[in-house]
Amino acid sequence: MATQTETERRTAARKAAATRKRNQTARSARSTQASARRTASSAERTAESGAGFAGTRVEALASQAERAVLIPVGAALVALKTWSRRPSRTLAARAPSASCPSSSVRWGPTFAVTSGGA
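Because the structure is a prediction, the values reported are computed rather than measured.

A.B. asks: Would you mind going over the overall build of the chain with me for this structure?
C.D. replies: Each helix and strand in the chain was counted, giving two helices and two strands. Residues counted as buried form 1% of the 118 residues belonging to the chain. Carbon and sulfur atoms make up 61% of the accessible area of the chain, which amounts to about 10,300 Å² in all.

Take a look at the structure:
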């Protein structure tokens, strides 16, 4: 190979530097594109899970509201059912029967009271 002049060496160095710069730019562009793809797919997953989470939050709120309504309603129904199982309080049921004049049970206006011997 023939000896290069200084000008030829400078030209070769500039060409080599330009090639390195071009290659580096291409690598950087590929890296940026890959990063953008990863970010986009990550954002999509986050949006999907966020929408699911928002739905879960709405469902939880609805469930709490439903419980807030149903618990008192259930308690009222249980109390009503318990109240309806009590014996009837008609006037005949309150009055002492003629067949048992010495009954130890004295009937008050709304409930039975067992006398303590008096």
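A.B. asks: Sorry, what's going on with the pattern of salt bridges here?
C.D. replies: A pair can form between side chains of opposite charge whenever their charged atoms are brought close. Across all of its chains, the model carries one salt bridge by this definition. A salt bridge links R10 to E6; its shortest N-O distance comes to 2.4 Å. Pair noted here: R10 and E6 are both in helix 1 (residues 6–84), with a separation of four residues, about one helical turn.

A.B. asks: Help me understand a nonpolar patch on the surface in this model?
C.D. replies: Residues V69, L70, V73, L77 and L80 make up a contiguous nonpolar surface patch of roughly 470 Å² in combined accessible area. Summarising the element assignment, L77 is placed in helix 1. Overall, L77 belongs to the exposed group, its relative accessible area being 54%.

Conventions we followed
- Residues numbered from 1 in each chain as written.
- Predicted model: local features only at pLDDT ≥ 70, side-chain atom pairs only at ≥ 80, totals over all residues.
- Heavy atoms only, no water.
- Helix = DSSP H or I, 4+ residues; strand = E, 2+ residues; numbered from the N terminus.
- Buried < 20%, exposed > 50% of the residue type's maximum accessible area, 1.4 Å probe, protein only.
- Areas by Shrake-Rupley, 256 points an atom, 1.4 Å probe, with all protein chains shown as cover.
- Salt bridge = Lys/Arg side-chain N within 4 Å of Asp/Glu carboxyl O.
- Patch = residues over 30% accessible without salt bridge, like charges linked within 9 Å, V, L, I, M, F, W, Y side chains within 5 Å.

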